[in-house]
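Analysis of the macromolecular model
Take a look at the letters that make up each chain.
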Amino acid sequence: MQLVIRSSQVLTGGKFIPADIVVAGNIISSIESYKSLDSAIDMGNMKIVPGFVDLHSDAIEKEIEPRPGARFPLKPAITNLDKKLALSGITTMFHAVGFNDEELTRSRRGTDKSAELINEIYISNKRFLNVNNYIHARFEITSRSSLNTVKNLIREHKINMLSLMDHSPGQGQFKTLESWKKYHLSAYSFDTMDIDKYIEKKLSSDKTGIVEELVKFAISYNIPVLSHDDDCKEKLNTLKNLGITFSEFPLSVEVAEYAKRLNISTGMGAPNVVRGGSQSGNIAAKELISKNLCDYLCSDYHPSSMLLAPYKLKEDLNIPLEKGFQLVSTTPAHLSGLQDRGEIAIGKKADIIVIDESYTPNVVLTIKNGNPIYNGIKNNTQVLNHVLL
């Protein structure tokens, strides 16, 4: 089946041009001159851009447990989030599923719960989900009890990306013991004695051996490995030597600059851009972007920010929308090894979204692999007929 979609503003080849996009099966078969084809779904002057590729989002956690202690079944949570991703323009999602220390196994990032979630996403993705749902496993480097579970999931090809976290007091986003306690006391259940024992054990753990072991193992399966909340050059040097190629959420300009010198790609959160700063008080993403120190954006915890971030960068920094959309589609696709998407180009996957800017930027049509998976265009019988066919 062939689908032709037309607009006066199609993002292809790094710029917006009038064009007719021809989709055959699940790929873009050609890009023709504007209005050169007899029959097309005409989007007028709405923008047509590639589907977003989100390398890091823990939105699934909120879908499962929207309030502390109010937990919902996995299958409907995964299915409902899949729909929300489609209407946010995200066609490829890497769910950031965390593996925490054994003392926190009662949490949503406990080993067994995280493994269960990954298995359910893997099965659901094969059977009925609309967007591509991948797994970005986040491993707390003092979580030795999770090591074998993570390795087994990698062997089973259920993990597609791995990042290393160190949420110890005194480093990363928790520079002080007070900031560490403020977050963890609200997120987990402790009494005073438990906290002191936990911190003592965490700080005395041998982190080097487990990091080297897991990174080497992941790389042997061609899985990209990322570091998280990098705060110093020494850490980057160590991780670079191990084979780390991404630094997500670097905490300063100095660290981001050094990462780029080491040819380590850097990523920040789209919500940071939209809100105008970091939720946790760290560096503003737009400061790094203005200095060309941020390669891509991810939704972190708020999927709809992937759409809003390019417009906010245009408003605040006068960054062209073309470049803004590259941060949420083309670059993350290429960095994750998904060379078949992230662009509106011949031979690429037909992952396409249509944006109506008449009131506020709003995704009105999402096409995944050539099939509409979200249609918010009222009274558009052409799109409706294609869905029914």
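Model, not experiment: these values are computed from the prediction. (Residues numbered from 1 in each chain as written. Predicted model: local features only at pLDDT ≥ 70, side-chain atom pairs only at ≥ 80, totals over all residues. Heavy atoms only, no water.)

1. Examining the side chain of S146
Turning to its location among the elements, S146 is positioned in the loop between strand 8 (132–140) and helix 4 (147–155). What makes S146 buried here is its relative accessible area of 0%. Polar side-chain contacts of S146 include one of 2.6 Å to the side chain of S143. In this view, S146 contacts F99, N100, T111 and F139; residues no more than four positions away in its chain are not counted. (Helix = DSSP H or I, 4+ residues; strand = E, 2+ residues; numbered from the N terminus. Buried < 20%, exposed > 50% of the residue type's maximum accessible area, 1.4 Å probe, protein only. Polar contact = N/O pair within 3.5 Å; in protein donor to acceptor, adjacent residues only side chain to side chain. Contact = heavy atoms within 4.5 Å.)

2. Focus: the sheet that holds strand 13 (residues 296–298)
Read from one edge to the other, the open sheet built from eight strands follows the order 6-7-8-9-10-11-12-13, with strand pairing classed as parallel. The outermost strands of the open sheet, each flanked by one partner alone, are strand 6 (52–57) and strand 13. Shown here is a sheet whose adjacent strand axes are inclined to one another by a mean of 25°, direction ignored. Across eight bridges, the pairing between strand 7 (residues 90–99) and strand 8 is parallel. When the bridges of strand 8 are listed, M93 appears paired with N133. Where helix 3 (residues 111–127) meets the sheet, its contacts fall on strand 7 and strand 8, and the angle it forms with strand 7 comes to roughly 160°. (Pairing = 2+ DSSP bridges. Axes fitted to C-alpha atoms, helices over the stretch in contact; angles between N-to-C directions.)

3. A short note on the pairing of strand 5 (residues 47–50)
Bridging between strand 1 (residues 2–12) and strand 5 involves two bridges; their strand directions are parallel. Counted as the bridge partner of V10 is I48 from strand 5. Bridging between strand 5 and strand 14 (residues 352–356) involves four bridges; their strand directions are antiparallel. Within strand 14, the position partnered with I48 by the bridge is V354.

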